[in-house]
Amino acid sequence: MGMVCLLLFSSAALPASADGDPDAYHYSYYGDTVPAPAAYEATTIITGKKLNITPFKEPSDMHVTADERVYVLDSGNGRIVEMDRNFKLVRTIESFQNDGKTDQFKNPQGLFVTEKGDLLVADSDNQRVVHLDNKGQLVKIVSEPKSDLLNEDFQFKPMRIVMDQGERIYVMAAGVFDGFMEFSADGEFSSFIGANRVQVDPVEYLWKRFATREQRSQMVMFTPTEFTNLDMDEEGFIYATSGDRGKDPIKKLNAQGTDILRREGYSAPQGDLRYTTEAGPSRLIDVDVGDSDMYSVLDSNRGRIFTYNGDGYLLHIFGGIGNRMGMFNTPVALERAGDRMLVLDKALGEITVFQTTEYGRTLHDAVRSYYNGEEDQSSELFAKAAEMNANLEYAYAGIGKALLRQKEYAESAQYFKQSMERQGYSKAFLLYRKELMREHFSWVMSGIFLAVAAFVTIVIVRRQKRRTTNAGIK
């Protein structure tokens, strides 16, 4: 529906949630903040001290594998810290052998771990990408890419990185406005993909049209916004965030770099809809893709984590900036580990571990069931989620979609109406009307035939009476 809200509110005006957690809230169809149960609760904090190693120093990124091994890029210490799924230390990687010499990282900013355990590091201040195997042995180094697409004075400073199943590498580099840099499996630069569109201020554009050459030279050029992070799903689609709110701060890119993210919710995925002019809008700096097309984004401005389903409906919000458990100072990265969510704090050098609540698990399972085509189960789970949170209008839409798949059109239309989902309601109502026509077609046609026959009979009888009357007069 794409209803964009540009309303304002103060953080102090946030309503308390149903379970008393002031950090949990939701947005209604009309864009109002409403109470909501907490979907996650903070359970523990991981630090270097707890791992019996030196404290984390300005860590910048982390990655969680399918078997829930956790890797932290401890940038200030120039090392990678690996933990098992129970957050027990496995190893640290502080150096590697390069042509017979010991080599080290210098302020690395991005980390990615492949399915087979290979490590890719955006070694930023060394202006290179380092590819290590699962034993920490060097596979290759990608540095100083050469291409006619790059300026002669281009300096390669990778910040974030992912690799697909074909071993193509995608790099988010500092100062690059043309999108992500794509490298082949052998480390050769091939192209850019997914460039953000230029955001033009109409007033500034008009002013530039009438300005002198000297005035134009002093103005800011119209350039696309930079990406802030990226993640890759199981099918190889890249999810990306932009720091500038812009038009679409979250994208899902296919192999051609085309944005295919679905935005069918009450408002386009963008973080907070309401904010004060002083605080400003959400600044999205990380994205994590889960199963069943669910994904979460991290807002560095207010420390919030927003989770959406594949259609773009907001599922829940949690987190915040503060000094108590479950809040952050400088959040920089988030990752899922099963039912847990991990948030990395750069300034505090710690990871906060969140566990899903009963409400969060119910809602996630409802989305998964619908995604897997289990209509009966998804309908029951959405109904249960709605009982826990009457303000979750999406739950009624979820029930409506499940019933629509089951061809229960009349009941589906009622739930779509309750959720204010116009497109779904129109589809369900149209199908219900067609179903009624099919069911009663024979009766309707018989009725029409009888009505026409009766009408014709009456006309004939009346004409016969007129002729008899006229004949008698003569």
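Residues numbered from 1 in each chain as written. Predicted model: local features only at pLDDT ≥ 70, side-chain atom pairs only at ≥ 80, totals over all residues. Heavy atoms only, no water.

As a further point, take the packing of aromatic side chains. The geometry of two aromatic rings is summed up by the distance between their centres and the angle between their planes. Under the counting rule described, the total for this entry stands at 17 aromatic pairs. Taken together, a centroid distance of 5.2 Å and an interplanar angle of 65 degrees make the contact between Phe189 and Phe192 edge-to-face. Note on Tyr266 and Tyr313: the rings are 5.3 Å apart at their centroids and 90 degrees apart in plane angle, and the pair reads as edge-to-face. Within this pair, whereas Tyr266 is found in the loop between strand S20 (250-253) and strand S21 (284-289), its partner Tyr313 is found in the loop between strand S23 (304-308) and strand S24 (314-319), the two being separated by 47 residues in sequence. Geometry around Phe237 places Lys252 over its ring, the cationic atom sitting 4.9 Å from the centre. (Phe/Tyr/Trp six-rings, centres within 6.5 Å; stacked < 30°, edge-to-face > 60°. Helix = DSSP H or I, 4+ residues; strand = E, 2+ residues; numbered from the N terminus. Lys NZ or Arg CZ within 6 Å of the ring centre and 35° of its normal.)

Once that is clear, we can look at the layout of surface pockets. Its boundaries defined by the atoms lining it, the largest pocket holds a volume of some 1200 Å³. As for the largest pocket, its lining consists of 44 residues, of which Glu115, Met232, Asp233, Glu234 and Val289 are closest to the centre. For the lining of the largest pocket, the leading source of residues is strand S25 (residues 331-337), giving three residues. For the lining of the largest pocket, a count of residues per class yields 15 nonpolar, ten polar and 19 charged. Taken as a whole, the second largest pocket holds about 350 Å³ of empty space. Forming the walls of the second largest pocket are 18 residues, and the residues nearest its centre are Met159, Met172, Phe227, Thr228 and Arg283. (1 Å grid on protein atoms, 1.4 Å probe; cavity = no way out; pocket = protein on both sides within 12 Å on 5 of 7 lines; lining within 4 Å. Points joined across faces, edges and corners; volume = space filled by probe spheres on them. Nonpolar A, V, L, I, M, F, W, Y, C, P; charged D, E, K, R; others polar.)

Right, let's talk about the sheet that holds strand S4 (residues 61-64) for a bit. Backbone-to-backbone hydrogen bonds join strands into a sheet, with any given pair of strands oriented parallel or antiparallel. Pairing is antiparallel across the open sheet formed by four strands, whose spatial order is S4-S5-S6-S7. Edge strands, defined here as strands with exactly one partner in the open sheet, are S4 and strand S7 (89-93). Geometrically, the sheet is characterised by an average inter-axis angle of 15 degrees between neighbouring strands, direction not taken into account. Pairing between strand S6 (residues 79-83) and S7: four bridges, direction antiparallel. (Pairing = 2+ DSSP bridges. Axes fitted to C-alpha atoms, helices over the stretch in contact; angles between N-to-C directions.)

In this section: a nonpolar patch on the surface. On the surface, a nonpolar cluster with roughly 470 Å² of combined accessible area is contributed by Ile448, Val452, Phe455, Val456 and Ile460. By the secondary structure assignment, Val452 is in helix H8 (residues 441-473). (Patch = residues over 30% accessible without salt bridge, like charges linked within 9 Å, V, L, I, M, F, W, Y side chains within 5 Å. Areas by Shrake-Rupley, 256 points an atom, 1.4 Å probe, with all protein chains shown as cover. Salt bridge = Lys/Arg side-chain N within 4 Å of Asp/Glu carboxyl O.)

A few words now on the nonpolar core. Ile305, Phe354, Leu363, Phe382, Leu392 and Tyr394 are the most contacted members of the largest nonpolar core, which has 31 residues in total. Looking at this core, the elements with two or more residues in it are S24, strand S26 (340-345), helix H3 (358-371), helix H4 (375-388) and helix H5 (393-405). With 29 residues, the next largest nonpolar core counts Met163, Tyr170, Ala173 and Leu230 among its residues. (Core = buried A, V, L, I, M, F, W, Y, C linked by side-chain atoms within 4.5 Å. Buried < 20%, exposed > 50% of the residue type's maximum accessible area, 1.4 Å probe, protein only.)

The next thing to look at is the packing of H3 against H4. Running from N to C, H3 and H4 cross one another at 150 degrees; their axes reach a closest spacing of 8 Å. Comparing their axes, H4 and H3 come out roughly antiparallel. Crossing of H3 over H4 shows left-handed handedness. For the pair H3 and H4, contact is made by Glu358, Tyr359, Thr362, Leu363, Asp365, Ala366, Val367, Ser369 and Tyr370 and by Gln377, Ser378, Leu381, Phe382, Lys384, Ala385 and Met388, respectively. Of the residues belonging to the contact of H3 with H4, the class tally is nine nonpolar, four polar and three charged. (Parallel < 35°, antiparallel > 145°, perpendicular 65-115°, else oblique. Left-handed = near helix turned anticlockwise from the far one by under 90°. Contact = heavy atoms within 4.5 Å.)

Our next topic: the pairing of S21. Most of S21 is tucked away: six of the six residues are buried. Here five bridges tie S21 to strand S22 (residues 295-299), and the two strands are oriented antiparallel to one another. Its bridge partner lying in S22, Leu284 is registered against Asp299. As consecutive antiparallel partners, S21 and S22 are separated by five residues, and within that stretch Ser292 has a phi angle of approximately 55 degrees, a positive value.

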